[in-house]
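Overview (structure and organization)
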Amino acid sequence: EDVKYCGRSINKFRSDKGYCDRLSFRVASALLVQFDEESQKVGFEMLRTLAERGDHPDAMVYYGMCLNEGRANNAPNSDEAVSWFKRCADIHEHP
């Protein structure tokens, strides 16, 4: 809901996919630190969507951190978290 019009701006800068991804990441990050469970779940799903595309390394790492910590009322899953850290390192050639 918060970013549904991002790609429809007449301003070419704000229609840019990279800009929309950065905006989505910021919104997801903000939602994940809220106290209510529903906001955290929405942020978690937004973050997962960005991470699964594989072209946003910050989202991939943060998603792994959320999995490791058990955010948004999910059980902690360190094995899945490590797989996301490795996937990010492989795709984006981080040491």
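Our subject is the structure that appears above.
In this report, the structure presented in the accompanying data block is examined. In this text the structure is predicted, and so the values were computed from the model without any measurement.

**Side note on the nonpolar core**
Proteins that are soluble and globular tend to have nonpolar side chains buried together. Formed by 20 residues in total, the largest nonpolar core has its most connected members in Phe-44, Leu-47 and Tyr-63. Of all the elements in the fold, those that place two or more residues in this core are helix H2 (17-32), helix H3 (37-53), helix H4 (57-69) and helix H5 (78-92). Examining the composition of this core, we find that six residues originate from one element, H4, more than from any other. Other than its neighbours up to four places away in sequence, Leu-47 contacts Phe-25, Ala-28, Leu-32, Ala-59, Tyr-62, Tyr-63 and Cys-66.

**Some thoughts on the environment of Arg-53**
Summarising the element assignment, Arg-53 is placed in helix H3. Look at Arg-53 and you get partly exposed, because its relative accessible area is 39%. Within the structure, Arg-53 has its side chain in polar contact with the side chain of Asp-21 (distance 2.5 Å).

**Here's the deal with the packing of H2 against H3**
As a packed pair, H2 and H3 sit with axes 7 Å apart at the nearest point and diverge in direction by 145 degrees. Viewed along their axes, H2 and H3 form a crossing whose handedness is left-handed. Counted together, Lys-17, Asp-21, Ser-24, Phe-25, Val-27, Ala-28, Leu-31 and Leu-32 of H2 and Ser-39, Gln-40, Val-42, Gly-43, Phe-44, Met-46, Leu-47, Leu-50 and Arg-53 of H3 form the full contact between these two elements. By residue class, the composition of the contact of H2 with H3 is ten nonpolar, four polar and three charged.

What counts and what doesn't
Residues numbered from 1 in each chain as written. Predicted model: local features only at pLDDT ≥ 70, side-chain atom pairs only at ≥ 80, totals over all residues. Heavy atoms only, no water. Core = buried A, V, L, I, M, F, W, Y, C linked by side-chain atoms within 4.5 Å. Buried < 20%, exposed > 50% of the residue type's maximum accessible area, 1.4 Å probe, protein only. Helix = DSSP H or I, 4+ residues; strand = E, 2+ residues; numbered from the N terminus. Contact = heavy atoms within 4.5 Å. Polar contact = N/O pair within 3.5 Å; in protein donor to acceptor, adjacent residues only side chain to side chain. Axes fitted to C-alpha atoms, helices over the stretch in contact; angles between N-to-C directions. Left-handed = near helix turned anticlockwise from the far one by under 90°. Nonpolar A, V, L, I, M, F, W, Y, C, P; charged D, E, K, R; others polar.

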